[in-house]
Every structure is written in structure tokens, then in C-alpha cells.
Amino acid sequence: QLQLVESGGGLVQPGGSLRLSCVAPRFTLDYYAIGWFRQAPGKEREGVSCISSSGDIINFADSVKGRFTISRDNAKNTVYLQMNSLKPEDTAMYYCALLGYGRRCGVDPIAYDYWGQGTQVTVSS
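Procedures and definitions
Residues numbered from 1 in each chain as written. Predicted model: local features only at pLDDT ≥ 70, side-chain atom pairs only at ≥ 80, totals over all residues. Heavy atoms only, no water. Core = buried A, V, L, I, M, F, W, Y, C linked by side-chain atoms within 4.5 Å. Buried < 20%, exposed > 50% of the residue type's maximum accessible area, 1.4 Å probe, protein only. Contact = heavy atoms within 4.5 Å. Helix = DSSP H or I, 4+ residues; strand = E, 2+ residues; numbered from the N terminus. Lys, Arg positive; Asp, Glu negative; His and termini not counted. Salt bridge = Lys/Arg side-chain N within 4 Å of Asp/Glu carboxyl O. Polar contact = N/O pair within 3.5 Å; in protein donor to acceptor, adjacent residues only side chain to side chain. Disulfide = S-S within 2.5 Å. 1 Å grid on protein atoms, 1.4 Å probe; cavity = no way out; pocket = protein on both sides within 12 Å on 5 of 7 lines; lining within 4 Å. Points joined across faces, edges and corners; volume = space filled by probe spheres on them. Nonpolar A, V, L, I, M, F, W, Y, C, P; charged D, E, K, R; others polar.

This brings us to the nonpolar core. Where a protein is soluble and globular, its nonpolar side chains tend to be buried together. If you look at the biggest cluster of nonpolar residues, it comprises 28 residues, and the most contacted ones within it are Leu-4, Ile-34, Trp-36, Phe-68, Leu-81, Met-83 and Tyr-94. Residues contacting Tyr-94, with those up to four places away along its chain left out, are Glu-6, Leu-20, Trp-36, Phe-37, Arg-38, Val-48, Phe-68, Leu-81, Met-83, Gly-118, Thr-119 and Val-121. Ala-33, Phe-37, Cys-50 and Leu-99 belong to the second largest nonpolar core, which has 8 residues in total.

Put into C-alpha cells, the structure is as follows:
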């Protein structure tokens, strides 16, 4: 069964940086678009960014533009979310998700077929 595993979350002060990773231990991610989402307590799951199999990037959240960067390293079978200039409002559980073969990046979480368990990001002084 396809499994996505996120890592890299933690507690960071405002203005700090984190790099999240998304791996699939027994599955090749090369041919699939991968999205990053986040969900804060009491709020809906929010699309952050998505990268296609060919490396095209779509950023969904205006609030992270210029601060967050999605990338992928197919040699390492990993998709990253580099988060800089973190703010308290970035605090959330962050999830990576996979779109089925041939499907395009989209902001609707329903479109994604597989999800990781999430990694918690807390931005606080």
C-alpha cells in the first residue's frame, strides 16, 4: 500500500525556517504530482503548494508566496517544502498528498488520492 511520510516539523521562533520532507518508502513518486496542505485547529484544510511530475509549481496560498518553496528530488524520492520567515499564523499540521497518475495539481483536497499522517509545525516565541 502506498504510504507517504512527512518529517521536518517542530517548534520554531517567528522569522525562523523549517524544511519539510515527504517520502514514500516503497513507492516511486517521480510520475506523480505532490501537494502540501496544512490544517490549523478549528480550520479547514488549506492548500499550500503543489509540484507536478515535471516540476511545474503552483502556489495556492497567497499568504505563503515569497516565503515557502516546494521542490522535488527524484533521486531521493522526496518532495520538500522549504518554509522561511515563519509566522505564528503558519502554525498547523502539514500534510503531503499524492495525485493519481496524469492528474494535475489542484487546490481541492478531495482530488488527492493518498495522504501522509502529517507533521506539526508550531511557530511561537
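The rest of the description comes next.
Turning next to the side chain of Glu-6. With respect to the helices and strands, Glu-6 occurs in strand E1 (residues 5–7). The side chain of Glu-6 is buried and forms no salt bridge, while Arg-45, the nearest opposite charge, is found at 7.6 Å. In terms of polar contacts, Glu-6 uses its side chain to reach the backbone amide nitrogen of Cys-96, at 2.9 Å. If we ignore the near neighbours within four places in the chain, the residues touching Glu-6 are Ser-21, Trp-36, Tyr-94, Tyr-95, Cys-96, Gly-116, Gln-117, Gly-118 and Thr-119.

Another aspect to go through is the state of the cysteines. Inspection of every chain in the model, using the stated rule, returns 2 disulfides. The disulfide partner of Cys-22 is Cys-96, and the gap between their sulfur atoms is 2.1 Å. The sign of the 70 degrees torsion about the S-S bond sets the Cys-22-Cys-96 disulfide as right-handed. Taken as a pair, Cys-22 in strand E3 (residues 18–23) and Cys-96 in strand E9 (residues 92–98) lie far apart in primary sequence, 74 residues in all. Residues Cys-22 and Cys-96 agree in their burial class; the two are buried. Paired by a disulfide, Cys-50 and Cys-105 hold their sulfur atoms 2.0 Å apart. What sets the handedness of the Cys-50 and Cys-105 disulfide is the S-S torsion sign, and at about -75 degrees it is left-handed. Here Cys-50, found in strand E5 (residues 46–51), pairs with Cys-105, found in the loop between E9 and strand E10 (114–115); they are 55 residues apart in sequence, far enough to count as distant. Both residues of the pair, Cys-50 and Cys-105, count as buried. Across the protein, the way the bonded cysteines pair up, counted in sequence order, is 1-3, 2-4.

Taken as a whole, the largest pocket holds about 190 Å³ of empty space. Along the wall of the largest pocket there are 14 residues; nearest its centre are Arg-38, Ala-40, Lys-43, Glu-46 and Glu-89. Among the residues forming the lining of the largest pocket, the class breakdown is 3 nonpolar, 3 polar and 8 charged.

The next subject is unusual backbone geometry. Residue Asn-77 is not a glycine yet carries a positive backbone phi of 55 degrees. Tracing the backbone through its elements, the reader meets Asn-77 in the loop between strand E7 (68–73) and strand E8 (78–83). When its relative accessible area of 17% is taken as the criterion, Asn-77 is described as buried.

Residue position: Asp-90 is located in the loop between E8 and E9. A polar contact of 2.8 Å, which involves the side chain of Asp-90, links it to the backbone nitrogen of Lys-87. In this structure Asp-90 touches Arg-38, Val-64, Arg-67, Phe-68, Ser-85, Val-121 and Val-123, once residues within four positions along its chain are discounted.

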